[in-house]
Every structure is written in structure tokens, then in C-alpha cells.
Amino acid sequence: MQNIIDRASGLFFLIFGLVMYFFVIPSQVELDEAGMLRPDTLPNALSVIIAICGAFVALKPAQVTLPPPRQMALTLVYVALLCVAIYAMAYFGFVYVSPVLALLIMLMIGERRPLWLLGGVLVLPSTIWFFVAQLLERSLP
């Protein structure tokens, strides 16, 4: 039964990645030659990665068991945290919410080393800001 579920989810993500690449991204991304990178570069790359990973899962499903209930509960908390963060970004903006979100996620997965926490809170959000706002010249929420 698990193989059928893995194959179905793999096919779903294969089709999802292809639909995003061929239909959604071309119709929703405005091409602008002002920036250093084309605005569809990153979404196209990510949709190809999703499609390739979906194909791998469909062709060779993993032999796994269901995770323990505690891990499932942490996953639910993680998804709820992401939803709250997306909502908060609409009011406070990416610059203020993303470092807090990064810190909470890192603490939630058990990271306690100060240097890693500092890097995750400062380096990752500022790198995202640099690529999106500066290189792609797109605004963040």
C-alpha cells in the first residue's frame, strides 16, 4: 500500500512541476530585462527540481513506516507557524518577520549552537532579500 501512495505522490509532484514550468510560470511572471537575472529563472529551476524529484519518487518509492505521533504533531506546529508567519508578513514585512521565523524554526528542530542560530537569523534572510530585492528587483512583502 505504501508503494502505491509514494508512486501517486511522486506522479502528482511530477505533473505539478511540469504544469508550473509550462503553463503557470509563463503566464504569471512578467518578463523584464532591467535586472541581472530573468524573473522566471528561479521559479523555472525550482519547478524542474520538483518534477525531477517527483519522478524519482514515482520510479523508486522508499520503504518507510509512519512517523511517530510526536513527530506528526511537530509537523502540524511547523505548518501552523508558517501560516502565521505568512500572515504576519502581510502586516510587518519580510525584513521583520523572516529572522523571527528562522529563529523559531531553528529552535524547533533543536539547533542550539549560537553561531548557527546567528547565521540562520541574519545570513539566510538577508541573502534571500539580496537575491529577490536587489538582483531580481522584485519587492518582498
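Scroll up to find the structure.
Read on for an overview of the structure.

What counts, and at which threshold
- Residues numbered from 1 in each chain as written.
- Predicted model: local features only at pLDDT ≥ 70, side-chain atom pairs only at ≥ 80, totals over all residues.
- Heavy atoms only, no water.
- Salt bridge = Lys/Arg side-chain N within 4 Å of Asp/Glu carboxyl O.
- Buried < 20%, exposed > 50% of the residue type's maximum accessible area, 1.4 Å probe, protein only.
- Phe/Tyr/Trp six-rings, centres within 6.5 Å; stacked < 30°, edge-to-face > 60°.
- Helix = DSSP H or I, 4+ residues; strand = E, 2+ residues; numbered from the N terminus.

**Examining the pattern of salt bridges**
Within this structure, the stated rule accounts for two salt bridges. As a salt-bridge pair, Glu 111 and Arg 113 come within 2.8 Å of each other at their nearest N and O atoms. Taking relative accessible area as the criterion, Glu 111 reaches 15% and is therefore assigned buried. Given a relative accessible area of 47%, Arg 113 falls into the partly exposed group.

**Regarding the packing of aromatic side chains**
Counted under the stated rule, the structure contains six aromatic pairs. With centroids separated by 5.0 Å and ring planes inclined at 80°, the aromatic side chains of Phe 12 and Phe 13 adopt a geometry described as edge-to-face. In this structure Phe 13 comes out as partly exposed when scored by relative accessible area, which is 41%. Between Phe 12 and Phe 16, the ring centres sit 6.1 Å apart and the planes meet at 15°, which makes this aromatic pair stacked. With Phe 12 and Phe 16 both in helix α1 (residues 2-28), this residue pair falls four residues apart, about one helical turn. These aromatic residues form a ring-pair network of at least three members: Phe 12, Phe 13 and Phe 16.

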